[in-house]
Amino acid sequence: LGRFRTRIHRGLHWAVEVHLPRPGDPRAWDALIRGDGWVYGVEAETHPTDCQALIRRLELKARDGGTDGLLLVLPATRHARAFDGAARDLLGAAFPVPGRRALELLAAGVDPGGNAVVVV
C-alpha cells in the first residue's frame, strides 16, 4: 500500500487497518481515504485467484463499511495483470472507474468517482 499511498494527494486523510463501524465486526479496511465529503475503503490483494469470491467479499464489506466506494489495489505483477485481464468483465462491472482515472483524481485530491481497480 505504500506505493499507492505516495500517489494520492497529501491533503487527503489516510488511515490504515480501520475497523468497520459495526459493533463486534472483526473486519477492517486495509486503508481508508477521506476527502471533503467522501470516504473510500481500500483493499490490497497481493495474489488474487477467485474473482467471484473476491467481489462477493468486497461487496459485503462495502455494504457494511460505511464508505462511498471501494478501491481494489493490485500489485504490478505478471500474476495480478493476468488475473485482471482474465476477470475483466466481472471486475469491470463491480469496479467501473478505470484505475488510471481514479489515480489521477486521487492525485488531484478529489473523489475518484466510484469503485476502481488500481494496479501499482
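Up top is the structure.
What comes next is a walk through the structure. Since we're looking at a predicted model, the values are computed, not measured.

A word on the pattern of salt bridges. Opposite charge on two side chains allows them to pair when their charged atoms are near. One pass over the full model with this rule turns up nine salt bridges. Glu 43 is the salt-bridge partner of Lys 61, the closest N and O atoms lying 2.8 Å from each other. Highlighted residues: Lys 61 in helix 2 (residues 51-65) and Glu 43 in strand 3 (residues 38-44), separated in sequence by 18 residues. For Lys 61, a relative accessible area of 7% gives the class buried. Classification of Glu 43 by relative accessible area gives buried; the value is 3%. Note that Arg 57 and Glu 45 form a salt bridge whose closest N and O atoms lie 2.5 Å from each other. Here Glu 45 lies in the loop between strand 3 and helix 2 and Arg 57 lies in helix 2, a separation of 12 residues in the sequence. Glu 45 gets classed as buried once you look at its relative accessible area, which sits at 17%. Within the structure, one salt-bridge network assembled from shared partners comprises Arg 22, Asp 25, Arg 27, Arg 63 and Asp 64.

Any aromatic ring pair is given by two values, namely how distant the centres are and how the planes are angled relative to each other. Under the criterion given, the structure shown has two aromatic pairs. Ring geometry for Phe 4 against Trp 14: centres 6.0 Å apart, planes inclined by 50 degrees, an arrangement best described as tilted. Separated by 10 residues along the polypeptide, Phe 4 in helix 1 (residues 2-5) and Trp 14 in strand 1 (residues 13-19) bring together distant segments of the chain. For Phe 4, a relative accessible area of 0% translates into the label buried. A relative accessible area of 18% means that Trp 14 is categorised as buried. Considering the side-chain rings of Trp 38 and Tyr 40, the 5.6 Å spacing of their centres and the 75 degrees angle between planes classify their relative orientation as edge-to-face.

Criteria and thresholds
Residue positions are counted from 1 within each chain, in the order its sequence is given. A pLDDT threshold of at least 70 governs which residues receive local features in this predicted model, and a stricter bar of 80 or more applies before side-chain atom pairs are shown or counted, although totals over entire chains, interfaces and linings include all residues. Here the side-chain values reflect all heavy atoms present in the structure, with hydrogen atoms and water set aside. By salt bridge we mean one thing: a side-chain nitrogen of Lys or Arg within 4 Å of a carboxyl oxygen of Asp or Glu. Under the DSSP-based scheme used, a helix requires at least four consecutive residues in state H or I and a strand at least two consecutive residues in state E, with every element numbered from the N terminus. A 1.4 Å probe rolled over the protein chains alone gives each residue an accessible area, and that area as a share of the maximum for its type sets the label: buried under 20%, exposed over 50%, partly exposed in between. Pairing of aromatic rings covers Phe, Tyr and the six-membered ring of Trp, with a centre-to-centre limit of 6.5 Å; geometry is then stacked below 30 degrees between planes, edge-to-face above 60, and tilted otherwise.

Purely geometric stuff here, so don't read any function into it on its own.
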